[in-house]
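Descriptive structure summary
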Amino acid sequence: MSNLPALTPDEAPAKSRDILNDIIGRHGSVGPMVSTMAHSPALLQGYLDLSRAMKRTKIPRALSEKISLAVQEQIGCGLCLAAHTEAGRAAGLTDTDIALARQGTATDAREAALVAFAVRVLTEPASLTGDDIALLRAHGWSDRVIAEIPGLVSLNLLTGAFNLVAGLEPARQ
């Protein structure tokens, strides 16, 4: 059950209206999360900016989806889990990859280390130490990728928490 209504451009605050109209002009429509985020122009713009920025990371797309699945499993957002499952499949993930990611791991030890690190960034960031960073480096991860993990985790926390607050759920099949 939705706690916040989705807004049409005509119902949205002026700044959100402009953003929604731009998205509709480029893509034909907006999804339920974006149209509901339109209640807050600041939130909507911040989400779009962070989302665009995180698409430019050095994290491979399939791995990014594994990380998102692991983080969303912790957050408990069904809408995000459904979206990242679909995106993961489009990026080449198998059912096994998706199941392992939701458990916070992967078949590849190098990827598993990064996925587990991302979960810890979400659940226990104060526990992370230089040894954790050294372990990621030993697996061959660059400082750039390591630095991008909190951004990807933050984007997932933003979308997952928003969807839960707004009461947005996956479409019933």
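Residues numbered from 1 in each chain as written. Predicted model: local features only at pLDDT ≥ 70, side-chain atom pairs only at ≥ 80, totals over all residues. Heavy atoms only, no water.

**Details of the pattern of salt bridges**
This model, assessed by the stated rule, comprises ten salt bridges. Its salt-bridge partner being R26, residue D22 comes within 3.0 Å of it at the nearest N-O pair. Of the two residues, D22 and R26 both sit in helix α1 (residues 14-27), four residues apart, roughly one turn of that helix. Salt bridges linked by common partners bring R120, E124 and D132 together as one network. (Salt bridge = Lys/Arg side-chain N within 4 Å of Asp/Glu carboxyl O. Helix = DSSP H or I, 4+ residues; strand = E, 2+ residues; numbered from the N terminus.)

**Focus: the nonpolar core**
L44, I67, L114 and I149 are the most contacted members of the largest nonpolar core, which totals 40 residues. With eight residues, the single largest contributor to this core is helix α9 (residues 143-166). Apart from residues no more than four positions distant in its own chain, L114 is found in contact with L63, I67, L136, W141, V145 and I149. In terms of nonpolar packing, the next biggest core, distinct from the first, is built from five residues, L69, L81, L93 and A101 among them. (Core = buried A, V, L, I, M, F, W, Y, C linked by side-chain atoms within 4.5 Å. Buried < 20%, exposed > 50% of the residue type's maximum accessible area, 1.4 Å probe, protein only. Contact = heavy atoms within 4.5 Å.)

**Examining helix α7 (residues 109-123)**
For α7, built from 15 residues, the straight-helix expectation of 21 Å at 1.5 Å per residue is met to within 8% by its first-to-last C-alpha distance of 21 Å. Inspection of α7 places A112, A113, L114, V115, F117, A118, V119 and V121 among the buried residues, and these make up the whole buried set. Elements in contact with the buried residues of α7: α4 (61-75), α8 (130-138) and α9. For α7, the N-terminal cap is D108; the gap from its side-chain oxygen to the backbone nitrogen of R110 is 3.0 Å. (Expected span 1.5 Å × (residues − 1). Polar contact = N/O pair within 3.5 Å; in protein donor to acceptor, adjacent residues only side chain to side chain.)

**A look at the packing of α7 against α8**
For the pair α7 and α8, interaxial distance at closest approach is 10 Å and the crossing angle is 155°. Comparing their axes, α8 and α7 come out roughly antiparallel. The crossing of α7 and α8 is left-handed. Residues A113, L114, F117 and R120 of α7 lie in contact with α8, whose contacting residues are D132, I133 and L136. For the contact of α7 with α8, the per-class residue count stands at five nonpolar, no polar and two charged. (Axes fitted to C-alpha atoms, helices over the stretch in contact; angles between N-to-C directions. Parallel < 35°, antiparallel > 145°, perpendicular 65-115°, else oblique. Left-handed = near helix turned anticlockwise from the far one by under 90°. Nonpolar A, V, L, I, M, F, W, Y, C, P; charged D, E, K, R; others polar.)

**Re the environment of V34**
Summarising the element assignment, V34 is placed in helix α2 (residues 32-37). In sequence terms V34 and G46 are twelve residues apart; their C-alpha atoms lie 11 Å from each other. Once you skip the residues sitting within four places of it in the chain, V34 turns out to touch L20, I23, L44 and Y47.

**Points about the packing of α7 against α9**
Two elements in contact, α7 and α9, have axes whose closest approach is 9 Å; the angle formed by their N-to-C orientations is 55°. For the element pair α7 / α9, the angle class is oblique. Relative to α9, α7 is oriented so that their crossing is right-handed. Contacts from L114, F117, A118, V121 and L122 of α7 reach α9 at V145, I146, I149, P150, V153 and L157. Across the contact of α7 with α9, the residue classes break down as eleven nonpolar, no polar and no charged.

**Focus: the side chain of D132**
Its place among the elements puts D132 in helix α8. Judged by its relative accessible area of 16%, D132 falls in the buried class. A polar side-chain atom of D132 sits 2.8 Å from a polar atom in the side chain of R120. Among the polar contacts made by the side chain of D132, one reaches the main-chain amide nitrogen of T129 at a distance of 2.7 Å.

**Describing the environment of P41**
Looking at where P41 falls in the secondary structure, it is placed in helix α3 (residues 41-54). Sequence-distant contacts of P41, that is, excluding residues within four places in its chain, are made with P13, K15, S16 and I19.

The values reported here are purely geometric and, on their own, carry no functional implication.
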